[in-house]
Amino acid sequence: MSGTGGPSLMDSLFQRTLDDLIKGIRLHLPGPAQSTFISKSLDEIRREITSTDLHTKSTALQKLTYLHSLHHFDISFAAFHAVELTSSPSFLHKKTGYLAASLSFRPSTDVLLLLTNQLRKDLSSTNQHEVSLALECLSVICTLDLARDLTPDIFNLLMSSKIFVRKKAVACLLKVFSQYPDAVRVCFKRLVENLETVGGASDNGTMLAATVGVFCELARKEPRAYLPLAPEFYKILVESRNNWVLIKVLKIFAQLGRLEPRLAKKVVEPICELMKRSEAKSLVFECVRTVVSSFYEYEFAVKLAVEKIREFLLDSDLNLRYLGLQGLLLVAPHHLWAVVENKEVVIKSLSDVDRNIKLEALRLVMSMVCDDNVVEICRVLVGYALKSDPEFCNEILRSMLSTCSKNVYEIIIDFDWYVSLLGEMARIPHCQNGEEIEYQLIDIGMRVKDVRPELVRVGRDLLIDPALLGNPFIHRILSAAAWVSGEYVKFSRNPFEIMEALLQPRTNLLPPSIRSVYIHSAFKVLSFCLHSYLSFEKGASSSPPNFVDIEPGFTYSESEQEFTETDQATSSSALHKRDTFTQESIANVLTLVITSLTPLAESHDVEIQERVRNVLGLARLAQQEISCHNDQKEKMVDKADLKTSIIIRLINDALSEDFGPISFSAQERVPVPDGLVLEENLSKLDSICADVQLPISESFSLVKPIFLTADGDCISNQQNEEESETSAAESTSLLAEHRKRHGLFYLPSDHNKNASSSFPPANDPKQRDNDVDDLVKLTEESLVLKRKPNLSRPRPVVVKLDEGDRLPISVKKTDENDDLISGAVRDVLLGNEASSHSNNLSGRRKGKSHSKDKVENSETGSSSKRRSKHRNHGKNVEENENGEKGKQKSGGKHKSRRRADGGVDVAVEKPVIPDFLL
């Protein structure tokens, strides 16, 4: 009986069954032993499945299906054997074949089309179980070709006398419609007719449940097309007693109610009756969700829904409490009073043992945040974060960051407080939101100029703490702190302290990408210190440099560069700065830079090596000039005229340019220059750049950088003095020209003249929260009163771009098949479908034309009443242009034929709901 290369007769007689395979797997512990056993079993299955004995083949396919389901083995090699088993006369073999096909077949499976004829044969079988197998398999593996070829067969099954077959045919239509939208024109009318089975005792509601389930999924994608079916859904809502069906109908009305407000007048009262009399919690919650999401304008319905939500919140069942919080979150946007009434339960839920309840309570608390209470709520939530587990702690921090940064920090009034809050978040032990905090620190610095002094203070506090360097989760925050400390160093009280923090030995714990930011910030700080020293030495005491002492009692104004203190205080401050930037202090800084960064000059990381060379070059040049100046004191050389002074001044001018936020669409607005070829696929790059010869350099080295001696530096600098000045001047002119030509992408330099620092400290360490009582009290005050605080200064200017913050939200595009389905549904319900279309679909099989005509005639006659109800109610239908009014017959068939012939014009602009419902 065995074929060539197949198992022998003895192998078939002693073949392992599926039970033997399962027992064998369980006897072997997970690991190499179990893997070896499974590999041997797969080899046996490969031999057994080639047998000509269908029983042997079926057993092998059963074992293969089990291994695929639990261990995810690829069984594509057995695809043809699955098709072979589906044609077996044995129901068990057929069942095994269809199961394997359902689990393993993909649209790209080669033998998929071989299953078409067998599916058609089983769909027309007299055995309802074989029809069921074919429908279940088709609902999983359906493709465009299968749906197109088998639509006539499914159409016939929609009127089957067997409820078991008909409900599965209805359920299969959802997959068929999604793959082949034109099937809607053939099957949709019979699908609608199944809605009339409400109240029938023969099917126990299973047929209606399947039909409503299909309509619920269809209406979820494009609900407008199903507005004409509102009367049928309303009838089901009033008469049905099946909770599952009622839940699906409520979901449909939740979609339709947003499109047709008149539906609410008719639907709200039945929904309220369901909420009052039903004891099923699932149905009550669905009623609540429908009311608060779609019919929230009806106060009596909302009050009843809030009462039911209150019952859920006070229940001992954790699942019902979770649903209560979810319902409260749905009602909050339109009826905030409901949240205020239940605020105690919400706040206490933050300490619940169930994580899902805590998350819902957190979302509800964040939905109550506004500009009046953001400071107090964030203070209390930070206390919760410190006492929570790491996972929920990060959820709290993530929610705070997301809420506060919404719409370009719309609810933030005191940015000094918010920046200090970001620094406090970084010190929370379980904080893992470094990337978001990094983004906001830099983004706020670029958008809000008034907050830069506080931003530098927070960055300095983070940099000088060596314990933070060992936490990899906040390395991104340290990167932002280093960047803002270097970029806005002129607002620092002690730049030398920042330099020591940037070059401390423990920075070797940082990854190269973060350390390169540290080194570049050190370059900015060094440039600023040298420029300040040279400026003071030049004797410009009347006009101090761009350095501001952030001390209590005076304020710096960028627009006017003036102090609000008296002239005497200004002079003393300038004198203090002059004493700070002495030759000794500058020499110490240069020594620190050279000592700390020289070992990094041989780093294997290109970013670190390049930036270290830049800093060392500037430090050695400045060190040499200072020593040369000491030797030439008797010549009274003015350092402003020296080459180093010119270079430092040019570097400081270049680094003092403010960075601003950049639009995410800025790159798209750059015009493409003429002659520039942009290819989506770089496969043509070789042909485009065929004539370009890349330069070959053999002197590039990562580990052996060459440094000249001090004497060599002096000689080289003297020889290239003119070249340095020329290149620096060219760079400055090019930057100015680029800003002039592309001014669209540069932000205007708006100056805020109303600057003061009268805000109280952001987070007073003496303040301690009282957990639940504090948050309950502040929500009661802030949500009810809603009054603006009396601030001593207005909100600082926040630079906004046209697109808002972050990436633009992409609009969800409707699937093309969904558009085709809704268009076909509108045509069918409004009587615009083409009669020839169904003829082409049903006439694909030879010998089916006569039966198809019977199907169409019976379907047309049975649905004439429905078409009349949907199309002619509330309208005046035009009579035949030939004036044959008297020849019209009352039979539905003749009316349908007349409409199919084009004698009636139906408007399709907008679906009309019959007035008897509204």
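Only a predicted model underlies this, so the values are computations on that prediction, with no experimental measurement involved.

Trainee: Lay out the overall build of the protein chain with the relevant residues and their values.
Mentor: Assigned secondary structure in the protein chain consists of 43 helices and 2 strands. Sequence-distant contacts in the protein chain: of pairs separated by 6 or more residues, those separated by 24 or more amount to 73%. For the protein chain, the accessible surface area stands at approximately 48500 Å², while carbon and sulfur atoms represent 52% of it.

Trainee: Hey, could you go over helix α25 (residues 415–426) for me, with residue numbers and the actual values?
Mentor: Taking 1.5 Å of rise per residue, the 12 residues of α25 would be expected to cover 16 Å, and the 17 Å separating its terminal C-alpha atoms lies within 8% of that figure. Across the 12 residues of α25, 11 count as buried, placing the element largely inside the fold. Within α25 the residues assigned to the buried category are Phe-415, Asp-416, Trp-417, Tyr-418, Val-419, Ser-420, Leu-421, Leu-422, Gly-423, Met-425 and Ala-426. Between the side-chain oxygen at the start of α25 and the backbone nitrogen of Asp-416 there is a gap of 3.1 Å, and the oxygen is on Asp-414.

Trainee: Please give an account of unusual backbone geometry that cites residues and values.
Mentor: Phi at His-72 is positive, roughly 60°, even though this residue is not glycine. For His-72, the position within the fold is in the loop between α4 (54–71) and α5 (79–86). Located in the positive-phi region is Val-408, a residue other than glycine, with phi close to 55°. Locating Val-408 in the fold gives a position in helix α24 (residues 406–409).

Trainee: Describe the pattern of salt bridges, naming the residues involved and giving the relevant values.
Mentor: Applying the stated criterion to the full structure yields 26 salt bridges. Glu-286 is the partner of Arg-289 in a salt bridge, and the nearest nitrogen-oxygen pair spans 2.8 Å. Taken together, the positions of Arg-289 and Glu-286, both in helix α16 (residues 281–294) and 3 residues apart, correspond to about one turn of that helix. Between Glu-395 and Arg-355 there is a salt bridge, and its shortest N-O distance comes to 3.8 Å. Placement of the pair is Glu-395 in helix α23 (residues 390–404) and Arg-355 in helix α21 (residues 355–367), with a sequence separation of 40 residues. Several salt bridges share partner residues, and in doing so they unite Glu-454, Arg-457, Arg-460, Asp-461 and Glu-497 into one network.

Trainee: So what about the environment of Phe-105? Which residues, and what values?
Mentor: Looking at the secondary structure, you find Phe-105 in the loop between α6 (91–104) and α7 (116–123). Judged by relative accessible area, which is 5%, Phe-105 ranks as buried. Separated by 23 residues in the primary sequence, Phe-105 and Ala-82 place their C-alpha atoms 9.7 Å from one another. Not counting the four nearest positions on each side in its chain, Phe-105 is found in contact with Ala-79, Ala-82, Val-83, Ala-100, Val-111, Leu-112, Leu-115 and Ile-141.

Trainee: Got a sec to walk through the packing of helix α15 (residues 263–277) against α16? Specific residues and values, please.
Mentor: The N-to-C vectors of α15 and α16 enclose an angle of 145°; their axes lie 9 Å apart at closest approach. Note on packing geometry: the crossing formed by α15 with α16 is left-handed. Counted together, Ile-271, Leu-274 and Met-275 of α15 and Leu-283, Val-284, Cys-287, Val-288, Thr-290 and Val-291 of α16 form the full contact between these two elements. Grouping the constituent residues of the contact of α15 with α16 by class yields 8 nonpolar, 1 polar and no charged.

Trainee: Tell me about the confidence of the model for the protein chain, and name the residues and values.
Mentor: Mean pLDDT over the protein chain stands at 76; residues scoring 70 or higher make up 67%. Strand β2 (residues 562–563) is the least confidently modelled element of the protein chain, averaging 34 in pLDDT, while helix α8 (residues 128–141) averages 95, the highest of any element. Segment residues 540–576 is flagged for pLDDT under 50; beyond a separation of four residues in sequence, or across chains, it makes 58 contacts in the model.

Trainee: How would you sum up the side chain of Ser-516? Please name residues and give values.
Mentor: Looking at where Ser-516 falls in the secondary structure, it is placed in helix α30 (residues 512–537). Leave out the neighbours within four places in its chain, and Ser-516 touches Glu-607, Ile-608 and Arg-611.

Trainee: How would you explain the packing of aromatic side chains if you had to name every residue and give the values?
Mentor: Working definition: an aromatic ring pair is given by the centre-to-centre distance plus the angle between the planes. Taken as a whole, this structure holds 10 aromatic pairs when the rule is applied. Both rings, one in Phe-188 and one in Tyr-226, keep their centres 6.3 Å apart while their planes meet at 50°; by these two values the pair is tilted. Residue Phe-188 is found in helix α11 (residues 184–193), and its partner Tyr-226 is found in the loop between α12 (206–221) and α13 (230–239); the two are separated by 38 residues along the sequence. As far as burial versus exposure is concerned, Phe-188 and Tyr-226 are alike and both buried. It is Lys-358 that lies over the ring of Phe-392; its NZ or CZ is 4.6 Å from the centre. Over the aromatic face of Tyr-384 sits the side chain of Lys-387, whose NZ or CZ is 5.6 Å from the ring centroid.

Trainee: Go over the packing of helix α2 (residues 18–27) against α4, please, and point to the residues and values.
Mentor: In a pair of packed helices, the angle between the axes and the distance between the axes together describe the arrangement. Direction vectors running N to C along α2 and α4 enclose 40°, while the axes themselves pass 9 Å from each other. Here the hand of the crossing between α2 and α4 comes out right-handed. Between α2 and α4, the contacting residues are Leu-18, Leu-21, Ile-22 and Ile-25 on the first element and Gln-62, Lys-63, Tyr-66, Leu-67 and His-71 on the second. For the contact of α2 with α4, the residue count by class is 6 nonpolar, 2 polar and 1 charged.

Trainee: How would you summarise the side chain of Gln-118 if you had to cite specific residues and measurements?
Mentor: Mapped onto the fold, Gln-118 is located in helix α7. Once residues lying within four places of it in the same chain are set aside, the contact partners of Gln-118 are Thr-86, Ser-87, Lys-94 and Tyr-98.

Trainee: Could you give an account of α7, with specific residues and numbers?
Mentor: Among the 8 residues that make up α7, 6 are buried, leaving the element largely enclosed by the rest of the structure. Burial in α7 covers these residues: Thr-116, Gln-118, Leu-119, Arg-120, Asp-122 and Leu-123. Where α7 is buried, its residues contact α5, α6, α8 and α9 (144–157).

Trainee: Requested: an account of the state of the cysteines, with residues and values cited.
Mentor: Under the defined criterion, the tally for this structure stands at 0 disulfides. Free of any disulfide, Cys-187 has its nearest neighbouring cysteine sulfur in Cys-172, separated by 9.7 Å.

Trainee: How would you sum up the environment of Leu-455? Please name residues and give values.
Mentor: Mapped onto the secondary structure, Leu-455 falls in helix α27 (residues 452–463). Looking at Leu-455, the relative accessible area reads 1%, which means it is buried. A C-alpha to C-alpha distance of 9.9 Å links Leu-455 and Leu-422, two positions 33 residues apart in sequence. Contact partners of Leu-455, with chain neighbours within four places excluded, come to Val-419, Leu-441, Gly-445, Val-484 and Tyr-488.

What counts and what doesn't
- Residues numbered from 1 in each chain as written.
- Predicted model: local features only at pLDDT ≥ 70, side-chain atom pairs only at ≥ 80, totals over all residues.
- Heavy atoms only, no water.
- Helix = DSSP H or I, 4+ residues; strand = E, 2+ residues; numbered from the N terminus.
- Contact = heavy atoms within 4.5 Å.
- Areas by Shrake-Rupley, 256 points an atom, 1.4 Å probe, with all protein chains shown as cover.
- Expected span 1.5 Å × (residues − 1).
- Buried < 20%, exposed > 50% of the residue type's maximum accessible area, 1.4 Å probe, protein only.
- Polar contact = N/O pair within 3.5 Å; in protein donor to acceptor, adjacent residues only side chain to side chain.
- Salt bridge = Lys/Arg side-chain N within 4 Å of Asp/Glu carboxyl O.
- Axes fitted to C-alpha atoms, helices over the stretch in contact; angles between N-to-C directions.
- Left-handed = near helix turned anticlockwise from the far one by under 90°.
- Nonpolar A, V, L, I, M, F, W, Y, C, P; charged D, E, K, R; others polar.
- pLDDT = per-residue confidence, 0-100.
- Phe/Tyr/Trp six-rings, centres within 6.5 Å; stacked < 30°, edge-to-face > 60°.
- Lys NZ or Arg CZ within 6 Å of the ring centre and 35° of its normal.
- Disulfide = S-S within 2.5 Å.

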